[in-house]
Amino acid sequence: MPKVTWVLGDGREISANVAVGHNLMEAAVANNVPDVIGECGGCLSCATCHVYVDPAWAAKTGKPAEMENDMLEITTAERRELSRLSCQILATEELDGLILHVPHN
Amino acid sequence: MTMTAPIILVGAGQASASCAAKLRALGYDGALTIIGDEPAAPYQRPPLSKKYVSGELARERLFIRPLSWYAEQRIELRLGTRVVKLDAAGHRVTLADGTNLSFSRLLLATGSTPRRLPAEIGGNLANVFTIRNLADADTIAPALIPGANLLVIGGGYIGLEAAAVAAQKGLDVTVIEMADRILQRVAAAPTADFFRTLHQSHGVTIREATGLAELVGKDGRLSSARLKDGTILPADLAIVGIGILPNDDLAQAAGIAVESGILVDGKCRTSVPDIFAAGDCANFTWRGQRTRLESVQNAIDQGEHAAACLLGEAPDYDPVPWFWSDQYEVKLQIAGLNRGYDSTVLRPGKRPLSQSIWYFRGDTLIAIDAMNDALAYALGKKMLESGKPVAKAAIADPASDLKALAS
Ligand SMILES: Cc1cc2nc3c(=O)[nH]c(=O)nc-3n(C[C@H](O)[C@H](O)[C@H](O)COP(=O)(O)OP(=O)(O)OC[C@H]3O[C@@H](n4cnc5c(N)ncnc54)[C@H](O)[C@@H]3O)c2cc1C
Ligand code: FES
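Residues numbered from 1 in each chain as written. Chains lettered and ligands numbered in written order. Predicted model: local features only at pLDDT ≥ 70, side-chain atom pairs only at ≥ 80, totals over all residues.

Draft legend 1. Representation of the overall build of chain A within the structure. Of regular secondary structure, chain A possesses three helices and five strands. Tracing chain A from N to C terminus, the helices and strands come up as β-β-α-β-α-α-β-β. In summary, chain A has a C-alpha radius of gyration of 12 Å against a globular reference of 13 Å for 105 residues, a match within 12%. Each principal axis of the C-alpha distribution contributes one length, and for chain A these read about 30 × 30 × 25 Å. For chain A, the residues scored as buried account for 42% of the 105 residues in total. Across chain A, the fraction of contacts at a sequence separation of at least 24, relative to all contacts at a separation of at least 6, is 64%. (Helix = DSSP H or I, 4+ residues; strand = E, 2+ residues; numbered from the N terminus. Rg over C-alpha atoms; globule rule 2.2 N^0.38 Å. Buried ≥ 20, exposed ≤ 12 C-beta atoms within 10 Å, placed from the backbone. Contact = placed C-beta atoms within 7 Å.)

What follows is the structure, given as structure tokens:
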């Protein structure tokens, strides 16, 4: 199971092993990561699962697909180049070690 | 009552879960109890008619929070336990097993119950289902056998979602709708047209302006349906999606004012001090009109709002509603509430099966239905939130830049 680390707005870190195929919003919620909310349960309708991918991992997580890219228009925290909706990132073995930065709400 | 008595949340659903989280986030440190009659901890209902009933999403992925979270947050979960009586003046609830619990303040987040068909016309036959909870979905899933005849009664979102899942599993699906068209109560004709075509393209038969005379059974089990026009349709199972009724009986018996839901003000207060309500069961005033919203957005936002109100002062609840529905390869996203619209504008999208319907009352934008068009949804929602006026003509022009219009 790949290990994912969430770096919170206050610098605190939470790490967890995530089952392959689970999305990283549900993984964050299951591990009580604050500020990743996931109101729509991963249905691409709320943008409350917004994270910034660590630059070192940008190539591996890839770019948002079209619908996700559109939804990134309504994130609460500012959209940046490495903004993603974490419900659209699925855990894979290649993402072992992934670091996500969680915007402070 | 003592001030050390817990805050009690009745109903272990979406609204209670978000209220509990918010109470802790706002610094409420006292005792907090959630009482729910279902055996499961709060879970998401939307997948029940989508990826859960189809078998694509495992049960453990439905839960809103892991059990460890409730423990960490010192939230007591009393599950499989129904509140049978509320003594408002005495600040006490009675559980089904006779236990009495005192509360300092109480939230009613009891949700709603699907309307059933009357027993006289076969509503109680075996294999006639409604979808509200995990137990319902767990009973329906094994009945979705390829080749079986499914009759969906009611062309609203839940019925259409179930039709989509079943059609994709190879069932023979017919949807009957009493009104002139599907989605009559919730969407304009162009949205209904879009979904009618979509379902037909997947082999679903849609019969609108079609009343049901009765469901006919054999040995207590559904076998066919007789329509008002005399047609007999063979049916192995039926899913009834004809609306829901708010669970307001507990409140009513306690002398709390109810009228199509538990009446609350902008601060989630019922007619009785220290008792609040939120979610599907609550009827509040929104933009001057009594309103009940049956959505995750409302359960979450009103649940959170109730948390602030349980602890003290808060502004009036004034949401921008949103909703979604997934059918086949189409994601429908809705922002706003189209109640009272007098015109619509159709804006074609940039992808296959993509378009948006913009609802206006006079010159004011009030809602958007976006099909496979998240940009229209997102930017339309932004416009509704900011209240920035937007011209119909600009929306109708496919070349106009929504981003510019929204900012
Ligand atoms: C099949 C289905 C699909 C849906 N799809 C969508 C969708 O795509 N998008 C969307 O936004 N919304 C959708 N919804 C609506 C959404 O799930 C509800 O609006 C939301 O769950 C309401 O939350 P709630 O907390 O008010 O009620 P609920 O989640 O229903 O929770 C209330 C709980 O209280 C319990 N209860 C009632 N009375 C008592 C009592 N006396 N004692 C103890 N417990 C009690 C109930 O059994 C229930 O468990 C869907 C709903 C269903 C059923
Ligand atoms: S959880 Fe709603 S968009 Fe990701």
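Draft legend 2. Layout of the interface of chain B and chain A. Listed per partner, the contact involves 21 residues of chain B and 15 residues of chain A. Only helix H2 (67-72), helix H7 (296-311), strand E22 (322-327), strand E23 (330-336) and helix H8 (374-386) of chain B provide two or more residues apiece to the side of chain B that touches chain A. For the side of chain B that touches chain A, the element with the highest residue contribution is H8(B), accounting for six residues.

Draft legend 3. Quick look at helix H4 (residues 157-168) of chain B. Residues and elements named next belong to chain B. For H4, which comprises twelve residues, the first-to-last C-alpha distance of 17 Å matches the rise-based estimate of 16 Å (1.5 Å per residue) to within 8%. Across the twelve residues of H4, eleven count as buried, placing the element largely inside the fold. Three or more residues of H4 are buried, namely Tyr-157, Ile-158, Gly-159, Leu-160, Glu-161, Ala-162, Ala-163, Ala-164, Val-165, Ala-166 and Ala-167. Considering only its buried residues, H4 is in contact with strand E10 (149-153), strand E11 (172-176), helix H5 (189-201), strand E16 (237-240) and E22. Directly beyond the C-terminal end of H4, a positive phi value near 90 degrees is found at Gly-170. (Expected span 1.5 Å × (residues − 1).)

Draft legend 4. Representation of H8(B) within the structure. Residue and element names in this part refer to chain B. The terminal C-alpha atoms of H8 lie 18 Å apart, and with 13 residues this matches the ideal 18 Å at 1.5 Å per residue to within 8%. Most of H8 sits inside the fold, with ten of its 13 residues counted as buried. All of the buried residues along H8 are Ala-374, Leu-375, Ala-376, Tyr-377, Ala-378, Leu-379, Gly-380, Lys-381, Met-383 and Leu-384. Residue Gly-387 follows H8 closely and has a positive phi angle near 75 degrees.

Draft legend 5. Quick peek at the site of ligand 1. Around ligand 1, 36 residues are found, and the nearest of them are Gly11(B), Gly13(B), Ala15(B), Gly111(B) and Gly279(B). At the level of elements, helix H1 (14-25), H7 and E22 of chain B are the ones that each hand at least two residues to the shell around ligand 1. (Near = placed C-beta within 6 Å.)

Draft legend 6. Quick look at the nonpolar core. All names here are of chain B. Ranked by internal contacts, the top residues of the largest apolar core, which has 153 residues, are Leu-107, Leu-108, Ala-238 and Ala-277. Residue contributions to this core peak at nine residues, all from H4. Ignoring sequence-local partners within four residues, the contact set of Leu-108 consists of Val-10, Leu-250, Ala-251, Ile-262, Ile-275, Ala-277 and Cys-281. (Core = buried A, V, L, I, M, F, W, Y, C linked by C-beta atoms within 7 Å.)

Draft legend 7. Molecular detail of the environment of Asn17(A). Residues and elements named next belong to chain A. If you trace the backbone, Asn-17 turns up in strand E2 (residues 13-17). The exposed category is assigned to Asn-17, around which 12 C-beta atoms lie within 10 Å. Separated by 44 residues in sequence, Asn-17 and Thr-61 have C-alpha atoms that sit 17 Å apart. Beyond its immediate stretch of four places on either side in the chain, Asn-17 contacts Met-1, Pro-2 and Lys-3.

Draft legend 8. Geometry of the sheet that holds strand E25 (residues 355-361) of chain B. Residues and elements named next belong to chain B. Ordered in space as E22-E23-E26-E25-E24, the five strands form an open sheet in which the pairing is antiparallel. Taken across any chain shown, the strands that pair with only one partner, and hence form the sheet edges, are E22 and strand E24 (343-348). Each strand of the sheet is rotated relative to its neighbour by a mean of 15 degrees, with strand direction disregarded. Across six bridges, E22 lies against E23 in antiparallel orientation. (Pairing = 2+ DSSP bridges. Axes fitted to C-alpha atoms, helices over the stretch in contact; angles between N-to-C directions.)

Draft legend 9. Expanded view of the sheet that holds strand E15 (residues 232-234) of chain B. Residues and elements named next belong to chain B. One open sheet accounts for three strands, arranged E13-E14-E15; its pairing is antiparallel. Bordering the open sheet on either side are strand E13 (212-218) and E15, each of which pairs with just one other strand. Here the strands of the sheet are splayed against their neighbours by 30 degrees on average, with no regard to which way each runs. By the bridge criterion, six bridges tie E13 to strand E14 (residues 221-227) in an arrangement that is antiparallel. Considered in E14, the bridge of Gly-217 is made with Leu-222.

Draft legend 10. Quick look at the packing of H1(B) against H7(B). All names here are of chain B. Where H1 contacts H7, the axes come no closer than 7 Å and their chain directions differ by 40 degrees. On the basis of their axis angle, the class for H1 and H7 is oblique. You can see that H1 and H7 cross each other, and the crossing is right-handed. Facing H1, whose interface residues are Gln-14, Ala-15, Ser-16, Ser-18, Cys-19, Lys-22 and Leu-23, H7 presents Val-296, Ala-299, Ile-300, Gln-302, Gly-303, Glu-304, Ala-306, Ala-307 and Leu-310. (Parallel < 35°, antiparallel > 145°, perpendicular 65-115°, else oblique. Left-handed = near helix turned anticlockwise from the far one by under 90°.)

Draft legend 11. Broad picture of unusual backbone geometry. Although it is not a glycine, Asn32(A) sits at a positive phi angle of roughly 55 degrees. With respect to the helices, strands and loops of the structure, Asn32(A) is situated in the loop between helix H1 (24-30) and strand E3 (50-53).

Draft legend 12. View of the pairing of strand E1 (residues 7-10) of chain B. All names here are of chain B. Covered by surrounding structure in E1 are Ile-7 and Leu-9 together with Ile-8 and Val-10, the residues of both alternating faces. By the bridge criterion, four bridges tie E1 to strand E2 (residues 32-35) in an arrangement that is parallel. Looking across to E2, one finds that Ile-8 is bridged to Thr-33. Note that the unit made of E1, H1 and E2 has a crossover that is right-handed. (Right-handed = clockwise from strand over helix to strand, strands pointing away.)

Draft legend 13. Expanded view of the environment of Gly217(B). Relative to the helices and strands, Gly217(B) is located in strand E13. Residues contacting Gly217(B), with those up to four places away along its chain left out, are Gly122(B), Leu125(B), Leu222(B) and Ser223(B).

Draft legend 14. Structural view of the confidence of the model for chain B. Of all residues in chain B, 99% have pLDDT values of 70 or greater, and the mean over the chain is 96. On the interface metric, ipTM, the complex scores 0.93, and its pTM is 0.96. (pLDDT = per-residue confidence, 0-100.)

Draft legend 15. The environment of Leu212(B), seen in detail. All names here are of chain B. Along the polypeptide, Leu-212 turns up in strand E13. Sequence spacing of Leu-212 and Lys-228 is 16 residues, and the spatial spacing of their C-alpha atoms is 5.4 Å. Apart from residues no more than four positions distant in its own chain, Leu-212 is found in contact with Ile-153, Ile-176, Ala-225, Leu-227 and Lys-228.

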